[in-house]
Amino acid sequence: MKGPLGTLGALYVTQYLGIGFITVGLTAILRDGGTSLDTLALLQVVGLIWPVKFLWAPILDRYGSRHRGHYRSWLLVLQGGLVLALLALVPFDDPGGRLGPLVAICAGYVFLSATQDIAVDAVAVRLLAERARGAGNGIQVAASYLGNLIGGGACVVVYDRYGWRAAILLLAALTSLGLLVVWRLREPVRTDRVESTRAAYRALLSVFGQPGCRWWTFVVVPLVYVGAGAAYALVTPALVDADWSLARIGVVTGVVTSAPAIVAGLLAGVAIGRFGRGAVLVAAGVALAVSTAMLLPLLTGRAPLGTTVTALCCFMAAYTAANVVLYTVNMDYSRPGTGGTDFTVLSSFGLVCSFVAASVGLTAADRVGYPAVAVGAVVLVVAGVVAGVAHQRRFRPAARVGQVRPTEPVAV
């Protein structure tokens, strides 16, 4: 875990540990204790903090310590805050008995995690050269699955065997490793500090003024995300309709499919550096089309375990690879001086598209059926890939003017 990629990987994994626990593990624990679905839906609402983090991203680009490192000073506070927020959950031995304070702490954790993500992304923009951005974003996407797998899977196993306190203390201990990484981080001296808060907030819109950025953000990203997201939104209800138990659905969609997604994220990142963004986008698009076709038996009511798990694993691997490409081009458009704001606002738009995709997919499926939506999803993805390849041919990533690179190795 040495060098910039190791630093970023460690921080991204620890960032998602608590998120995975809150969205998957804690939901399962509360449901097992008899909490109603309406109440569980309230817990999921705290996740909406994540897509709106662009509202305060300019603050991180504008303010920071010159002595301790601009973004490192934020990370020291935020990573420590994540640990403290998790430790605040320790007294809740009966989480279903005090849901109000529990949800409040979870909301605080999600806010800290989203803000930490802004700072880590900004560090990535400044540290990674063009050729390394694919690997960096491959690590980021893979880390999200690994963090969710540990937080939402392994910690639930620990809870089942050793109880609430053991699970929370394990989460806190793993998250605290990120604090050690930040402590040893040597951030390059910043010479392009944003001159004012107003200038920092102007970056929310000026980022779209770069050549090809609007094409990428408002054409390519929505087509790919809505297409893939609409198809994936059908999976859980189709599995329920096929008489799968909730336990099996949770294990397969939350744990089993994470392993190929992690591998695909890392491989896509390496492939981008070697073959380019357009080539990997084409490969991911073809894989998405094929894997969506593999889901058709499930979508028509036939869901044997082996073939269904294989199809889901292939789909998640392809979706992850496409996600890495989208994130990498977002980083291409992120300027060093406002990296936190630029990458956050571009990525947040993709997140909004994902939320819309789920709603659109399920609404359409209710009217025309699962298979028709799957076919429509493939058409959208193909259109997105075609637009994306055309974009990359016209607007190749170039070295940013004034790009700051580390003057010394980043230590962890």
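Residues numbered from 1 in each chain as written. Predicted model: local features only at pLDDT ≥ 70, side-chain atom pairs only at ≥ 80, totals over all residues. Heavy atoms only, no water.

Along an α-helix, residues three or four apart share an orientation, since each turn contains 3.6 residues. Between its first and last C-alpha atoms helix H6 (residues 133-162) spans 41 Å; for 30 residues at 1.5 Å apiece the expected length is 44 Å, and the two agree. At Ile-150, H6 shows its maximal kink, close to 25 degrees. Phi turns positive one or two residues past the end of H6, at Gly-163, with a value near 105 degrees. (Helix = DSSP H or I, 4+ residues; strand = E, 2+ residues; numbered from the N terminus. Expected span 1.5 Å × (residues − 1). Bend = angle between axes of the 7 residues up to and from the residue.)

A separate point is the packing of aromatic side chains. Within this structure, the stated rule accounts for ten aromatic pairs. Taken together, a centroid distance of 5.8 Å and an interplanar angle of 90 degrees make the contact between Trp-215 and Phe-395 edge-to-face. Here the residue Trp-215 occupies a position in helix H9 (residues 213-233), and Phe-395 occupies one in the segment after helix H17 (370-394), the gap between them amounting to 180 residues. For Trp-215, a relative accessible area of 28% gives the class partly exposed. Aromatic pair Tyr-327 and Phe-343: ring centres 5.8 Å apart, planes at 75 degrees, arrangement edge-to-face. (Phe/Tyr/Trp six-rings, centres within 6.5 Å; stacked < 30°, edge-to-face > 60°. Buried < 20%, exposed > 50% of the residue type's maximum accessible area, 1.4 Å probe, protein only.)

Let us now look at unusual backbone geometry. With a phi angle near 70 degrees, Asp-243 is a residue other than glycine that sits in the positive phi range. The topology assignment puts Asp-243 in the loop between helix H10 (235-241) and helix H11 (246-256). In this structure Asp-243 comes out as exposed when scored by relative accessible area, which is 71%.

With respect to the helices and strands, Met-331 occurs in helix H15 (residues 305-332). The sequence separation of Met-331 and Ala-124 amounts to 207 residues, and the corresponding C-alpha distance is 8.6 Å. Filtering out sequence-adjacent residues up to four positions away, Met-331 remains in contact with Ala-124, Val-125, Leu-128, Arg-133, Asn-137 and Phe-343. (Contact = heavy atoms within 4.5 Å.)

Here we take up the pattern of salt bridges. Any two side chains of opposite charge can pair, so long as their charged atoms come close to each other. Counted by the stated rule, this structure contains five salt bridges. In this structure, Asp-93 and Arg-165 form a salt bridge, with 3.4 Å as the shortest nitrogen-oxygen distance. On the criterion of sequence distance, the pair formed by Asp-93 in the loop between helix H4 (70-87) and helix H5 (99-127) and Arg-165 in helix H7 (residues 164-184) is long-range, its members being 72 residues apart. Judged by its relative accessible area of 44%, Asp-93 falls in the partly exposed class. The salt bridge involving Arg-133 is made with Asp-332; its shortest N-O contact spans 2.7 Å. Residue Arg-133 is found in helix H6, and its partner Asp-332 is found in helix H15; the two are separated by 199 residues along the sequence. Look at Asp-332 and you get buried, because its relative accessible area is 4%. (Salt bridge = Lys/Arg side-chain N within 4 Å of Asp/Glu carboxyl O.)

Here Thr-310 is to be found in helix H15. Among the polar contacts made by the side chain of Thr-310, one reaches the main-chain carbonyl oxygen of Gly-306 at a distance of 2.9 Å. (Polar contact = N/O pair within 3.5 Å; in protein donor to acceptor, adjacent residues only side chain to side chain.)

Moving on to the nonpolar core. Counting residues in each nonpolar core, the largest one holds 122 residues, and the members touching the most others are Phe-21, Leu-26, Leu-75, Trp-164, Trp-244, Leu-288 and Leu-295. The greatest single-element share of this core, amounting to 16 residues, is contributed by H15. (Core = buried A, V, L, I, M, F, W, Y, C linked by side-chain atoms within 4.5 Å.)

It is the contact of H9 with helix H16 (residues 339-368), at a shortest axis distance of 7 Å, that shows an interaxial angle of 40 degrees. Crossing handedness for the pair H9 and H16: right-handed. On the side of H9, the interface is formed by Cys-213, Thr-217, Phe-218, Val-221, Pro-222, Tyr-225, Val-226, Gly-229, Ala-230 and Ala-233, while H16 contributes Leu-346, Phe-349, Gly-350, Cys-353, Ser-354, Ala-357, Ala-358, Gly-361 and Leu-362. Within the contact of H9 with H16, the residues separate by chemical class into 14 nonpolar, five polar and no charged. (Axes fitted to C-alpha atoms, helices over the stretch in contact; angles between N-to-C directions. Left-handed = near helix turned anticlockwise from the far one by under 90°. Nonpolar A, V, L, I, M, F, W, Y, C, P; charged D, E, K, R; others polar.)

We now examine H17. If you check H17, its first and last C-alpha atoms are 36 Å apart, about what 25 residues at 1.5 Å a residue would give, namely 36 Å. Residues of H17 that are buried include every one of Tyr-370, Val-373, Ala-374, Ala-377, Val-381, Gly-384, Val-385, Ala-387, Gly-388, Val-389, His-391 and Gln-392, and no others. On the buried face of H17, the contacting elements are H9, H10, helix H13 (277-294), helix H14 (296-299), H15 and H16.

Summarising the model, the chain shows a mean pLDDT of 86, and 95% of its residues fall at 70 or more. Here residues 399-412 scores under 50 on pLDDT; set against residues more than four positions off or in separate chains, the count is 45 contacts. (pLDDT = per-residue confidence, 0-100.)

A word on a nonpolar patch on the surface. The grouping of Leu-42, Val-45, Leu-48 and Phe-355 at the surface amounts to a nonpolar patch, some 370 Å² of accessible area in total. What makes Val-45 partly exposed here is its relative accessible area of 44%. (Patch = residues over 30% accessible without salt bridge, like charges linked within 9 Å, V, L, I, M, F, W, Y side chains within 5 Å. Areas by Shrake-Rupley, 256 points an atom, 1.4 Å probe, with all protein chains shown as cover.)

As a further point, take the packing of helix H1 (residues 3-32) against H5. Direction vectors running N to C along H1 and H5 enclose 160 degrees, while the axes themselves pass 10 Å from each other. In terms of orientation, H1 and H5 fall into the roughly antiparallel class. Between H1 and H5 lies a crossing whose hand is left-handed. Taken together, the residues that form the contact of H1 with H5 break down as 18 nonpolar, five polar and two charged. (Parallel < 35°, antiparallel > 145°, perpendicular 65-115°, else oblique.)

Here we come to the side chain of Gln-79. Secondary-structure assignment places Gln-79 in helix H4. Of the polar contacts made by the side chain of Gln-79, one reaches the side chain of Gln-116; its length is 2.7 Å. Engagement of the side chain of Gln-79 in a polar contact is seen with the backbone oxygen of Thr-175, the distance being 3.2 Å. Apart from residues no more than four positions distant in its own chain, Gln-79 is found in contact with Leu-11, Thr-14, Gln-116, Thr-175, Gly-178 and Leu-179.

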